Amino acid sequence: MRYILPLVVLTLATGCGGGAPPAVPTERPTRHEDLVALFGDWRAFQRPTMVAGVPDYSAAAMTAQHEGLAAYLRRLAAFDTTGWSVAQQVDYHILRAELNGFDFDHRVLRPWQNNPAYYVTFFPDESDQPAREGPFAWGGVELWSHPTPLSAAATLAIDSGLRRIPGLMRQARTNLTGNQKDLWVWGTRSIRSQSSDLTAFIATLTPEQSSLAASARAALAATDSLAAWLDAQAPSKTGPSGVGRDNYDWYLTNVQLLPYTWKDEVTLMQRELARAYAYLALEEVRNRGRPTQALVGSQAEHERRFNRAVSDYMAFLRSRQLVATNPDLEARLRARIGRFSDARREFFTEVDYRDPVVMRTHGFHWFDKGAMAAGYGNPIRNGALLYNVFNARTEGLATGWEEMMMGAGLFDASPRSRELILILLAERAARAMGDLRMHANEWSIDQAAAYASQNTPRGWLALDGNLVWGEQHLYLQQPAYGVSYVIGKIEVEKIMQVRMRQLGERFDVGTFMHELVAAGQIPIALIRWQLTGELDDELRAMLGARASPPTPSPSH
């Protein structure tokens, strides 16, 4: 198959801050191995320059780095993919998406300039995604990855990350020149959260760890100092924080590789929200007279019900042959059942404490992380992709799997849990409207949170809770993340539709899931092309679009 697609080519000066740009080949590269080599060069290039051990996000450094992108765009555009398999061509577009994501970060988001939360680099808990959600500075301390008691190597790694924090906090005062009010205010809260996390970490250290404690205290003092500075600057911040509709459309097409516009996604979210409510009403009719679900009420009950939920769920997957299971996958789910809390319940606890099986289905994330740890046998797909281009696949499949498991019969013995699945869908669609409207600069974060709260059934997403605000803050930082849960679900369903048409009676859900997972955590439309082999008009228009960068939003 011959398929050479154009790239978004920017008018940029050649060269980058680290020296001369890579040479552009005089002959067109034709081998997949050449693409892998370019991928390696690109990944080395996109990391920031280090100055005195601290990543440099100054205006001069970022300008120089952005200028270096043009050479990589030309190198990728030079490829002749004649004779390449669909999977190899998919790899080409993965790299293309990352290059465009880099451009979008520099041209539109500029988180080092606009978003104080970008400078949070201390993370006690593991993300369920291939990489941490949202834009962050390089070199974060993933504390969860170092089991206690800390080894000498772990201590050194944590100490190295902590020592970067004071320099990064000082640099942030110069770099943060943006006028985006909501990003500034809520990013300041993220900086204060880092302060709390560092304080908690210091409390766990022993007298023998005095050197590590000193580094942590210095990081804490620098974090608190930055938070105070951000508070002082906040009254001067008056601008909107969204990227604007045109930039959102460009991002969907060229970075997320999704065949939708902002307007399309508004329509789809409204449709899914209405569908969730309508079918919830019908489920409630179906379950009229049945007892309500008992809430988990103690640690002993929590341990019993959550462990049984994992056992029942894994047994169901095995009996239906829906997903290949193994002890490691089961252990990953059990390791994350948490502990009982009698504090005020947030939305997902309302669901979890009624039927712990339900959120185990969304725990497909941990199956994905196991697959990523094992590797996909492909240097381009083995690790986490950049710029959150994976989220329609990862969040979409986890969200869609909830409803698929309902359809497969997982909740036949607990019919009220079918109501929970629809409540989950409604919440995802309602909060996605905040993503869309905030980035169109039609809503503030306050309006987005209010809409999500008001449109989540049963009042479970309380406006005076923490979750609704944390979700909208994430979506404001990372365009298209809020919609990824439902859009990705729709895309998975589209792939299933095509495979069912192609295979007829030979279609098998277990085989389909194996193929889907084996393709990797890559843009979902590329998985559709790889699994179906069909380059339909929708995919062709999206992958082959020759787009020009839109005019910057007035907010920039």
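Placed above this text is the structure.
Residues numbered from 1 in each chain as written. Predicted model: local features only at pLDDT ≥ 70, side-chain atom pairs only at ≥ 80, totals over all residues. Heavy atoms only, no water.

Caption draft 1: Inspection of the environment of R334 at higher detail. With respect to the helices and strands, the residue R334 is situated in helix 12 (residues 327-334). Exposure remark for R334: the relative accessible area of 25% places this residue in the partly exposed category. R334 sits 186 residues away from T148 along the chain, and the two C-alpha atoms are 19 Å apart. Ignoring sequence-local partners within four residues, the contact set of R334 consists of N307, V310 and S311. Polar contacts involving the side chain of R334 include one to the main-chain carbonyl oxygen of N307, which spans 2.9 Å. (Helix = DSSP H or I, 4+ residues; strand = E, 2+ residues; numbered from the N terminus. Buried < 20%, exposed > 50% of the residue type's maximum accessible area, 1.4 Å probe, protein only. Contact = heavy atoms within 4.5 Å. Polar contact = N/O pair within 3.5 Å; in protein donor to acceptor, adjacent residues only side chain to side chain.)

Caption draft 2: Structural detail: helix 3 (residues 69-77). With 7 of its 9 residues buried, helix 3 lies for the most part within the structure. Turning to helix 3, its buried residues are L69, A70, A71, Y72, L73, R75 and L76. Residues of helix 3 that are buried sit in contact with helix 1 (32-46), helix 2 (59-67) and helix 4 (86-109).

Caption draft 3: Local environment of the layout of surface pockets. Empty space within the largest pocket amounts to approximately 2000 Å³. The wall of the largest pocket is formed by 45 residues, among which D125, E126, D128, E133 and L467 lie closest to the centre. Every element with two or more residues in the lining of the largest pocket is listed here: strand 3 (122-123), helix 7 (181-204), helix 13 (347-352), helix 14 (356-362), helix 15 (364-374), helix 17 (416-439), helix 19 (467-477) and helix 20 (481-503). Per-element tally for the lining of the largest pocket: the top contributor is helix 19, with 8 residues. Residues of the lining of the largest pocket, tallied by class, amount to 17 nonpolar, 13 polar and 15 charged. By volume, the second largest pocket is sized at about 860 Å³. For the second largest pocket, the lining is made up of 36 residues, of which A131, F136, A137, W138 and L386 are closest to its centre. When contributions to the lining of the second largest pocket are tallied by element, the ones reaching two or more residues are helix 1, helix 2 and helix 4. (1 Å grid on protein atoms, 1.4 Å probe; cavity = no way out; pocket = protein on both sides within 12 Å on 5 of 7 lines; lining within 4 Å. Points joined across faces, edges and corners; volume = space filled by probe spheres on them. Nonpolar A, V, L, I, M, F, W, Y, C, P; charged D, E, K, R; others polar.)

Caption draft 4: Representation of the environment of N326 in the model. Structurally, N326 is set in the loop between helix 11 (299-320) and helix 12. A sequence separation of 12 residues divides N326 from M314, and the C-alpha atoms of the two residues are 9.1 Å apart.

Caption draft 5: Representation of the side chain of Q477 in the model. With respect to the helices and strands, Q477 occurs in helix 19. Exposure remark for Q477: the relative accessible area of 9% places this residue in the buried category. Side chain to side chain, Q477 and N115 meet in a polar contact 2.9 Å long. Residues in contact with Q477, not counting those within four places in the same chain, are L109, N115, A117, P135 and L183.

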